Amino acid sequence: MSFINTIREDIKTVQAQDPAAQNGLVIFLSYPGLHAKWNHVPEHWLWEHGHHSLARVLSQITRHITGVEIHPAAQIGKHFFIDHAMGVVIGETTIVGDNCVLYQGVTLGAKSFELDEHGNPVKGIKRHPDIGNHVVVYAGATILGGMTHIGDNCVIGGNVWLTESLPAGTKITARPPEHNM
């Protein structure tokens, strides 16, 4: 699929997901979540082709411009939409499925680091969550850990803190603080 077709599909995705969305030109020009996603495409390509330093530098420029940090190694599915965008972090080993929506302040991060004999983090270990298809993650939610798998069609409420997997179709809302540890 060409990049132009991807842009068209992404604009249609925004129109379907965001009732405040106006026309295609306004969406194209003013949705930083889309800009972060579109910039991630060449950054990911560079990462996959061994240009890690350049990919990281470009991803940090994207973060500075959009307020969204997507590690260039992260795998992002089709029709991915970040609404409001600011403060979203997607870690290196994260896999996000198709037709997912994230809202502002969502973190898909590492829970802990396995250390080598010198106390340094071991590279190449799955540290970030996998997100299935058709998942919605609302504002401020944090999903951590390489063994955390969110099944298809899940809805994660605002400010939820997750370090455990959820089966497909689960809807979860914020729990009292004593249950979030």
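Refer to the preceding data block for the structure.
Since the structure is predicted, the reported quantities are computational estimates derived from the model, not experimental observations.

Overview of the packing of helix α3 (residues 32-48) against helix α4 (residues 52-66)
At a minimum axis distance of 9 Å, the contact between α3 and α4 shows a crossing angle of 175 degrees. Classified by the angle between their axes, α3 and α4 sit roughly antiparallel to one another. In this structure, α3 contributes Pro 32, His 35, Ala 36, Asn 39, Glu 43, Leu 46 and Trp 47 to the contact, and α4 contributes His 52, Leu 54, Ala 55, Arg 56, Leu 58, Ser 59, Thr 62 and Thr 66.

Looking at the side chain of Ser 59
With respect to the helices and strands, Ser 59 occurs in helix α4. Separated by 2.9 Å, the side chain of Ser 59 and the backbone oxygen of Arg 56 make a polar contact.

Here we look at the side chain of Asp 83
Within the element layout of this structure, Asp 83 appears in strand β3 (residues 81-83). Here Asp 83 occupies a buried position and makes no salt bridge, while the nearest side chain of opposite charge, Lys 37, is found at 14 Å.

Things to note about the environment of Gly 24
Inspection of the secondary structure assignment puts Gly 24 in helix α2 (residues 24-30). Separated by 147 residues in sequence, Gly 24 and Lys 171 place their C-alpha atoms 31 Å apart. Not counting residues up to four positions away in its chain, the partners in contact with Gly 24 are Ile 11 and Gln 15.

Things to note about the pattern of salt bridges
Overall, the coordinates contain four salt bridges when judged by the stated rule. Measuring nitrogen to oxygen at the nearest pair gives 3.7 Å for the salt bridge that ties Glu 69 to Arg 63. Measuring nitrogen to oxygen at the nearest pair gives 3.0 Å for the salt bridge that ties Arg 127 to Glu 92. Pair noted here: Arg 127 is in the loop between β7 (107-109) and β8 (130-131) and Glu 92 is in the loop between β4 (89-90) and β5 (95-96), with a separation of 35 residues, a long-range link. Taking relative accessible area as the criterion, Arg 127 reaches 15% and is therefore assigned buried.

Topic: the packing of aromatic side chains
Counted under the stated rule, the structure contains three aromatic pairs. Both rings, one in Phe 28 and one in Trp 38, keep their centres 5.5 Å apart while their planes meet at 35 degrees; by these two values the pair is tilted. Taken together, the positions of Phe 28 in helix α2 and Trp 38 in helix α3 put the pair ten residues apart, joining distant regions of the chain. A relative accessible area of 34% places Phe 28 in the partly exposed class.

Structural notes on the sheet that holds strand β6 (residues 101-103)
Taking strand neighbours across the sheet as the criterion, the five strands line up as β3-β6-β9-β12-β14 in an open arrangement whose pairing is parallel. The open sheet has two free edges, formed respectively by β3 and β14 (171-172), since each of these has just one partner strand. Where β6 lies against strand β9 (residues 136-137), two bridges are found, and the strand directions are parallel. Across the sheet, the residue bridging to Leu 102 is Val 137, located in β9.

Considerations on the sheet that holds β5
With parallel pairing, the four strands of this open sheet are ordered in space as β2-β5-β8-β11. The open sheet has two edge strands, β2 (75-76) and β11 (149-150), and neither has a second partner. Strand direction decides the pairing type here: β2 and β5, joined by two bridges, are parallel. Looking across to β5, one finds that Ile 76 is bridged to Val 96.

A few points about the environment of Gly 50
Counting through the fold element by element, Gly 50 comes out in the loop between α3 and α4. Each C-alpha atom of the pair Gly 50 and Arg 127 lies 20 Å from the other, and the pair is 77 residues apart in sequence.

Quick word on helix α1 (residues 3-17)
Over its 15 residues, α1 extends 21 Å from the first C-alpha to the last, a length consistent with the 21 Å expected when each residue adds 1.5 Å. Every buried residue belonging to α1 is among Thr 6, Ile 7, Asp 10, Ile 11, Thr 13 and Val 14, and all of these are buried. For α1, the buried positions fall inside an angular range of 155 degrees around the axis, keeping them on one side. Summarising the geometry of α1, the exposed residues directed more than 90 degrees from the buried face are Arg 8, Lys 12 and Ala 16. On its buried face, α1 is in contact with α2, α3 and β3.

Calculation criteria
Residues numbered from 1 in each chain as written. Predicted model: local features only at pLDDT ≥ 70, side-chain atom pairs only at ≥ 80, totals over all residues. Heavy atoms only, no water. Axes fitted to C-alpha atoms, helices over the stretch in contact; angles between N-to-C directions. Helix = DSSP H or I, 4+ residues; strand = E, 2+ residues; numbered from the N terminus. Parallel < 35°, antiparallel > 145°, perpendicular 65-115°, else oblique. Contact = heavy atoms within 4.5 Å. Polar contact = N/O pair within 3.5 Å; in protein donor to acceptor, adjacent residues only side chain to side chain. Buried < 20%, exposed > 50% of the residue type's maximum accessible area, 1.4 Å probe, protein only. Lys, Arg positive; Asp, Glu negative; His and termini not counted. Salt bridge = Lys/Arg side-chain N within 4 Å of Asp/Glu carboxyl O. Phe/Tyr/Trp six-rings, centres within 6.5 Å; stacked < 30°, edge-to-face > 60°. Pairing = 2+ DSSP bridges. Expected span 1.5 Å × (residues − 1). Arc of directions from axis to C-beta.

Note that all results are geometric; they support no functional claim without further evidence.
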